[in-house]
Amino acid sequence: MSSLRNKVQLIGNVGQDPVITNLENDKKVARLSLATNEHYRNKKGEKVTNTEWHNVTAWGKTADIIEKFVIKGKELAIEGKLTSRSYEDKEGNKRHVTEVVASEILLLGGTTSEE
């Protein structure tokens, strides 16, 4: 078990156009939300879909790819690690965020609205 590590793999659809931020020293960060769906049948035999939303952050070249090719609805496969952080919002409230820091992405099919 010593080979276990913090690794996340997700396949889902982008919920809104990514937000790209250019930082000092030509660093770039991309932020997006990714919806993953789980389908199952309940006791009555009805199909049920459970959607989970994931906050995703990408840096550098991965952010460049997201900026050029990713739009709302695009299907993506993402690999990265899970991170948590805290910050204080404008009103002084402490907020906690859990997000996936993407190290690799794979552009899959079109968008849900068919490009």
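Residues numbered from 1 in each chain as written. Predicted model: local features only at pLDDT ≥ 70, side-chain atom pairs only at ≥ 80, totals over all residues. Heavy atoms only, no water.

Digging into a nonpolar patch on the surface
Stage number 1. Among the surface-exposed residues, Ile-65, Phe-69 and Leu-107 lie close enough to one another that they form a single nonpolar patch of about 260 Å² accessible area.
Stage number 2. Within the secondary structure layout, Ile-65 lies in helix H1 (residues 60-69). (Patch = residues over 30% accessible without salt bridge, like charges linked within 9 Å, V, L, I, M, F, W, Y side chains within 5 Å. Areas by Shrake-Rupley, 256 points an atom, 1.4 Å probe, with all protein chains shown as cover. Salt bridge = Lys/Arg side-chain N within 4 Å of Asp/Glu carboxyl O. Helix = DSSP H or I, 4+ residues; strand = E, 2+ residues; numbered from the N terminus.)

Remarks on the side chain of His-54
Stage number 1. By the element assignment, His-54 lies in strand E4 (residues 47-59).
Stage number 2. Here Thr-36 takes part through its side chain, which lies 2.8 Å from a polar atom of the side chain of His-54.
Stage number 3. Those residues in contact with His-54, other than ones at most four positions away along the chain, are Leu-10, Leu-32, Ser-33, Leu-34 and Thr-36. (Polar contact = N/O pair within 3.5 Å; in protein donor to acceptor, adjacent residues only side chain to side chain. Contact = heavy atoms within 4.5 Å.)

Looking at the pairing of strand E5 (residues 75-88)
Stage number 1. Where strand E1 (residues 8-14) lies against E5, 6 bridges are found, and the strand directions are antiparallel. Within the sheet, the bridge partner assigned to Ile-11 lies in E5 and is Ala-77.
Stage number 2. Taken together, the 13 bridges between E5 and strand E6 (residues 94-107) define a ladder with antiparallel strand orientation. Paired with Tyr-87 across the bridge in E6 is Arg-95.
Stage number 3. If you look at the hairpin formed by E5 and E6, you'll find 5 residues sitting between the two strands, and Gly-92 has a positive phi there, around 85°. (Pairing = 2+ DSSP bridges.)

Observations regarding the nonpolar core
Stage number 1. Leu-32, Leu-34, Val-56, Ile-66, Leu-76 and Ile-78 are the most contacted members of the largest nonpolar core, which totals 16 residues.
Stage number 2. Where this core is concerned, the elements lending two or more residues are E1, strand E3 (28-41), E4, H1, E5 and E6. (Core = buried A, V, L, I, M, F, W, Y, C linked by side-chain atoms within 4.5 Å. Buried < 20%, exposed > 50% of the residue type's maximum accessible area, 1.4 Å probe, protein only.)

Points about unusual backbone geometry
Stage number 1. Of note in the backbone geometry, Asn-25 takes a positive phi value of approximately 60° without being a glycine.
Stage number 2. For Asn-25, the location among the structural elements is in the loop between strand E2 (19-22) and E3.

As for H1
Stage number 1. Turning to H1, its buried residues number three or more, namely Thr-62, Ala-63 and Ile-66. Projection of H1 onto a plane perpendicular to its axis shows the buried side chains occupying an angular sector of 100°, all on one side. Opposite its buried face, H1 presents the exposed residues Lys-61 and Lys-68, each directed more than 90 degrees away.
Stage number 2. Structurally, H1 contributes buried residues whose contacts are with E2, E3, E4 and E6. (Arc of directions from axis to C-beta.)

A few points about the side chain of Glu-99
Stage number 1. With respect to the element layout, Glu-99 can be found in strand E6.
Stage number 2. Residue Glu-99 is classed as buried on the basis of its relative accessible area, which comes to 9%.
Stage number 3. Among the polar contacts listed, one links the side chain of Glu-99 to the side chain of Thr-57, at a separation of 3.0 Å.
Stage number 4. If near-sequence neighbours (up to four positions away) are discounted, Glu-99 is found in contact with Asn-55, Thr-57, Lys-81, Leu-82, Thr-83 and Arg-85.

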